[in-house]
Amino acid sequence: MVGPQYDLVGNPLGAVRATFERAAVAAAAESGGHEPVAAFRGKDWGAGEVFRSFLFEQGGLDKVPVLDESNLGLIKPNTLVRFRGMVQDMLGNEFYVGAFKDGSTWRTNKFSDSSPFSMPHPCDSHLWERHLFHCVPVPGQNSWTRESSPGPDVRRMSSCLTPEQREKRKRGADNDAMDVSENGNGEASSSKKPKDDDVQISNSSLEMSMNEEHVPEINGGDHHIPGSSFSCLVKVYDMAESQVKLNDVAEFIGVYTFDPELAAPSDNSDDIMFDLIEDVTAQLPPSKVPRLHCLVWRNLSAHDFLSRPPSVEPSPILLKGIRQSLLSHLTLVLGKDELAAQCLLLHLLSRLRNKVDVVTVGRLSLNFIGFNRESVSIFGNQLNNLIQRLLPYSQAIPLSIEYLNTATLQPRKDNHSGRLVTGVLQLPQGTHLTFDETLLQSGSLTSKGVENTMLLKNLMESQTVEYDFEFYKLEMATDVQLLTLSEGKSNILPSDLIVPFRPSSVPAVNANSEELESWRWYLATVKSLSQSTETETYQIIQDEMVSAMQDDRSLGCSELSRWLTMAQIMAASFGENSLNMNHWQMVKELERLRKERLQ
Amino acid sequence: MASRGGGNSPPPSVSSPDVRPSSPLPATNSSPPQSGRRAGGRRRRGSASPYPSSPSLGGFETPPPPGRCTPSGAGAASRQQRQNWTGRFPPTPSTPMSTDDVPLSSEAGDEDTPETDGAGAGADATPVFVWGTNISVQDVNAAILRFLRHFRDPRDAGRVDPVMDEGKYMRAIHRILELEGGESLDVDAHDVFDHDPDLYGKMVRYPLEVLAIFDIVLMDLVARIEPLFEKHIQTRIYNLKSSVCLRNLNPSDIEKMVSIKGMIIRCSSVIPELKEAVFRCLVCGFYSEPVMVDRGRVTEPHICQKEQCKATNSMTLVHNRCRFADKQIIKLQETPDEIPEGGTPHTVSVLMHDKLVDAGKPGDRVEITGIYRAMSIRVGPTQRTVKSIFKTYIDCLHIKKTDKSRLHVEDSMDIDNPNANKTTEDDFLRDKVEKLKELSKLPDIYDRLTRSLAPNIWELDDVKRGLLCQLFGGNPLRLPSGASFRGDINILLVGDPGTSKSQLLQYMHKLSPRGIYTSGRGSSAVGLTAYVTKDPETGETVLESGALVLSDKGVCCIDEFDKMSDNARSMLHEVMEQQTVSIAKAGIIASLNARTSVLACANPTESRYNPRLSVIDNIHLPPTLLSRFDLIYLILDKADEQTDRRLAKHIVSLHFENPNIEEIEVLDLPTLVAYISYARKHIQPLLSDEAAEELTRGYVEMRKRGNSPGSRKKVITATARQIESLIRLSEALARMRFSEVVEVRDVVEAFRLLEVAMQQSATDHATGTIDMDLIMTGISASERQRRDNLVAATRNLVMEKMQLGGPSVRMIELLEELRKQSSMEVHLHDLRSALSTLTTEGAVVIHGDSVKRV
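Residues numbered from 1 in each chain as written. Chains lettered and ligands numbered in written order. Predicted model: local features only at pLDDT ≥ 70, side-chain atom pairs only at ≥ 80, totals over all residues.

**Brief notes about the sheet that holds strand β13 (residues 431-436) of chain A**
Residues and elements named next belong to chain A. Heads up, the rule is: Paired strands, in this sense, are two strands between which DSSP finds at least two bridges. A helix here means a DSSP run of H or I that spans at least four residues, while a strand means a run of E at least two residues long, and both kinds are numbered starting from the N terminus. Here, axes are lines fitted to C-alpha atoms. For helices the fit covers the stretch in contact, and angles between N-to-C directions go from 0 to 180 degrees.
On the basis of which strands lie adjacent, the open sheet formed by five strands has the order β10-β13-β17-β9-β18 and parallel pairing. The outermost strands of the open sheet, each flanked by one partner alone, are β10 (394-398) and β18 (497-500). Sheet twist, expressed as the mean angle between neighbouring strand axes with direction ignored, is 15°. Of the strand pairs in this sheet, strand β9 (residues 366-369) and β18 are connected by four bridges, and their pairing is parallel. What sits directly across from I369, in β18, is P500.

In structure tokens:
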């Protein structure tokens, strides 16, 4: 299929249906008219291919607007949009009439909530299924990821928006009533003529109704997810549900639909018994939670948030240079405490690599001790700012008695509504959390407080978070980097690495954006480096460990394991694929300096 | 009708084809309320027959969602047709149901007679097929009849009993008739399969049709045996050959019979559903004939039917004369073991009727056999467009509770619900249990279990064995006199830092039911709340929390036991022997159960274990508390290069991208947990006579060892506490083999375990012998003797050197004198204690540093 006959951004469903009808005819010819579309259940008949090649090979991706809170009311239904978010809840499957026979033609409802063609009644039809995911903007997502994500800037929007709309978008999010009405006009005067008249009609009618009720509600801000103002119900087709995991961050590209009918509350009174059969989506009114019928999706990694995807190979020399600049910056931020900066760098580069029973390998949680309230306000803030600008997702949590007693850390399934109520600890892989423990004073914890501390401790020790499903708890694996700032060693949040913080100057540095970008790239790249170390090195390290144990009998499994983790990260930080003894010695030196401080 | 096909709910205005007072079926009007749906089934059955007569209409494999959107005559008719079917099944796609316009009422009525006749089916010459299926009504009819009449349980084969002569289900039917109570016949699908695989296949594929026929055959049978029996008997199929995972239900399962397992998470309230309405005339008081309810709609008579009255609009509903049926919707959720990693549990709605209502409560694990249904999402009544989305639910046929909840939570609640499940055996667990039993028969199960416990920690095999015993536990015993003996085994691990004690504890915490892991530093034994404290000097924060109450019937793991406050520790005395905790609050003293095993680990006071000092001196724990531990293990870091190398290798292999650790055969964690829970729950071993004898013999021998000939001093090597420990240990060892009898070898192993532990902890380092006094009093016999000697020497010295009422002497001087005299090393504190003994004798008086003879 060369060159899209359809405007894939403006009228994706047209393309979907056209390909379907063509495929159906072909299949009918092949099978002799017997159940021609049955084979399409759970399969792609070529529509996905068309979109994939358009998006990724013909650079169509840039033309697709990103659906977010600000433009929710502005994007036309039944157009192609992108949504980046975290899978917050999996709402199970939905059965729908996937294909039906309209006269002699087979039609499909795939990628839409309702068909523009009225289904003849009765008719031959097939029931297919799709998966529902409730997605929210990634918790703790830092602003740079949004700026730098290759979003549709104003010029690129031209393909699906009218000049008036473009004007609106430039003005930003202050979409007042004027905007809305203009928007409606814009739609009417749209020069784009969708192939299908039916679609056109339903579009404009939907647009109108949306303008009337949709936008004000968004501004009203009745949110279902605490801490998040916006969410999206993504319907995913043709894949095993296991491909997507809870808390995955993904980009979904698909058809944005808006169907007020679905929102219409059923006022039928002899309906009591259906309350329980009522499916969850009823609580997500389309006016507040947009529907997205996903055509193409992909998991996002830290690399995908970089504004300029690296064109260079991560060579050790290049990485080494960036490492040096990042390290000196960290040193400055930490008041010229080089040891702390070294440890922080290793901490920032740590990730969970392996999990054996209760043992987690690769994590390196860090506890800076020697902070008080004043120094936290100086260094802590600087540090948080820096982390925010370096990592895609980060959160700073002020750990106080009150916070522990009141905050909802644990995600909990509300069996009444059938939804997963999110908690602070529902986090995507690779999130960075900073705890400020200087705020913690003596005081009693309520049972909730105890639960919360247990959750935090579990997270620290085994990188798992227990989700509460009322009748049982389910442990979800996480990979979260944890940094604690405290006065003395924190026993509530037992970290792997405890470093006394000794600043000698006040932090006064600012990084320019170019530097920041290179550091982001550095962190993302180094984290994803794979390591392969020769067996000989491991043999030497084993000997080293044995002799270290002979020297200091207090060394235990956890210390030695941490040393090795640090050595591996150290190697990676230089862009090396394999660990050598230099790195091991560097780590030993770090440890020596750290131990000196601890005494 | 709507009762069964919950999803059906048609527009209220439609007149009901089901309200057919003229129906020739005797059961229709006279059936008890709960049979309403079945009566529908029979009528539905009637309408099945027209299908073959109008095959041309079938062009559509799938009927549309309920026809309420097509007000045209044809649409209405088709809906009626379908509704007629829907007592049990609302219209759903992919069901073999016709949507043709058949004028029904009369035809259906006509057809009813020959078919309910039972024999009529056979007499019909042309085979009647249910449209769209390969079901021949007659064939199925005959097959079911054969099954009911002739199926014999192979398990009954051996018995020769005249009553057994009848088939299994004929007997069941007779029983129902005799009791007059049963409204349902439970049919084991395995039996159906054994008898007639073809029938089974049809039943699973076309449950609606086959079950309808099943009901008719059943009623027919009943009518022949007992013509006056009026209650309707429902067929409840259970125990399908295969069950579906909740998350794997997909469109192809719709309208099929499925069996799923899950946990009930929500139940709706019971919804009373009007089945028959009775009206009374307000004018003359005349009671109308019961009016059948059609899908939530009752047609109120406009005119009083009494000849003399004929008042219009005078009829009023009499609630207490109406008949209601129960209905309930429950939500079923996947159980944790079926959820793939990184997924959330799926749920499905299940519709329950009549007797099944309230058969399960939230939290129950159940296995449900039912028909998977889909119905189109409701659209506003004015909407013409049809929604393409369907909701799904399961029409429940049979509910069976599997386990209460988690396998290991000991729950004495009765899990048998006679209505829901007559088979007490738990299929869900049966194969699991079988596997566990197989495991238990392995000759090396003891070693295998030992290996499986914390496989990442080596050596320490005997410690692990002790921990295993703790997990399995002994039998608690309660004498009629009220005295009770605990079955829980308490273990203390003492050792050098960095010897993976904490890891062992963590592991145990994971394994044990209701395990609590706490750090002794700031654990208050009873507190139900927790407190954050901050060390004023270092700024370290510590969480204090109550732990023991929470771990009732579990293992309470206390790390850093030595750092526990004295106050909290004193609570442990009560916990470890009486197994209760007393809380005094607001003038009320509450005694809470704390039937917990305590697993504590302590670090030596001087950071490293000093082998020259006793356990008591190494960890500052009161001997009273120490003696309550059944096993005390010393885990010493022996500075062995071999061990170090192994540890280093292990750490390195953990970090290797592809760890190639030598795989030893171990049980995985869930199996281990299941194994332990099963043993704890089901195995209550008793001492065999030989074992008891061995126990006595061994104990006596242990006691004897203390006063070996040649040794003057009397050393206690065993006390009564030890014999209790030994019993508990041997019971636990028997449990590990799933053995109901404690054998001699268990006792021998228990002795060995105890001895290993004692050798480590209770060995008097001065003499090298085991001395229970070390644990009991903190002072070994040799030490005591040494002190006695010192006291005697001091007394002599005082007598010699000091005069009665003379000047006082400084202690240092006395010490020097003593050192001169005696060959043994004397410390000041030794002297002090000796002098204080003398003080109590009244020989001397101590004033600060000076001593005065009195």
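Now that the structure has been shown, we can carry on.
**Side note on the sheet that holds strand β26 (residues 809-810) of chain B**
Residues and elements named next belong to chain B. For the record, the criterion: Note on contacts: each residue gets a C-beta atom placed from the backbone, and two residues are in contact if those atoms are within 7 Å.
Read across the sheet, three strands follow the order β26-β28-β27 without closing on themselves; strand pairing throughout is antiparallel. Each end of this open sheet is capped by a strand with a single partner; those strands are β26 and β27 (844-847). On the sheet, helix α27 (residues 828-841) packs against β27 and β28 (850-853) and is oriented at approximately 125° with respect to β27.

**So, the packing of helix α8 (residues 316-333) of chain A against helix α13 (residues 513-528) of chain A**
All names here are of chain A. What counts here: Two helices cross in a left-handed way if the nearer one is turned anticlockwise from the farther one by less than a right angle. They cross in a right-handed way if the turn is clockwise.
Running from N to C, α8 and α13 point in directions that differ by 120°, and their axes come no closer than 10 Å. Where α8 crosses over α13, the handedness of that crossing is left-handed. Here L319, I322, R323, S325 and L326 of α8 lie close against α13, whose contacting residues are E515, S518, W519, Y522 and V526.

**Quick look at the environment of I394 of chain B**
Residues and elements named next belong to chain B. Defined as follows: In this scheme every C-beta is placed from the backbone, and a residue whose C-beta has 20 or more other C-beta atoms within 10 Å is buried, one with 12 or fewer is exposed, and one in between is partly exposed.
Summarising the element assignment, I394 is placed in strand β11 (residues 389-401). I394 gets classed as buried once you count the C-beta atoms within 10 Å, which come to 25. The sequence separation of I394 and L332 amounts to 62 residues, and the corresponding C-alpha distance is 9.8 Å. Every residue in contact with I394, bar those within four places of it in the chain, is listed here: V348, V350, L351, I368, G370, I371, Y372 and R373.

**Some remarks on the nonpolar core**
Applied cut-off: The nonpolar core criterion groups buried Ala, Val, Leu, Ile, Met, Phe, Trp, Tyr and Cys residues into a set whenever they are joined through C-beta atoms within 7 Å.
Grouped together as the largest cluster of nonpolar side chains are 221 residues, with contacts concentrated most on V234 of chain A together with I144 and V350 of chain B. Among all residues touching I144 of chain B, those that are not within four sequence positions of it are L199, I213, F214 and V217 of chain B. Among the nonpolar cores identified, the runner-up in size contains 70 residues, and C556, C601, A732 and V747 of chain B belong to it.

**Remarks on the pairing of strand β3 (residues 125-136) of chain A**
Residue and element names in this part refer to chain A. In terms of burial, β3 is largely enclosed, as twelve of its twelve residues are buried. The alternating pattern of β3 places S125, L127, E129, H131, F133 and C135 on one face and H126, W128, R130, L132, H134 and V136 on the opposite face, and all of these are buried. Relative to β3, strand β1 (residues 79-102) runs antiparallel, the two being bridged by twelve bridges. Across the sheet, the residue bridging to E94 is R130, located in β3. Bridge analysis of β3 against strand β4 (residues 232-236) gives five bridges, and the strand direction is antiparallel. In the sheet register, H131 faces β4, and the bridge partner there is V236.

**Quick notes on the confidence of the model for chain B**
Residues and elements named next belong to chain B. Spelled out, the test is: pLDDT is a residue-level measure of predictor confidence that goes from 0 to 100.
This prediction gives chain B a mean pLDDT of 68; 61% of its residues lie at or above 70. Contacts for the low-pLDDT stretch residues 1-125, under 50 throughout, to residues beyond four places or in other chains number 260 contacts. Scored below 50 in pLDDT, residues 404-428 makes 36 contacts in the model with residues more than four places away or belonging to other chains. Across the predicted assembly, pTM comes out at 0.69 and ipTM at 0.76.

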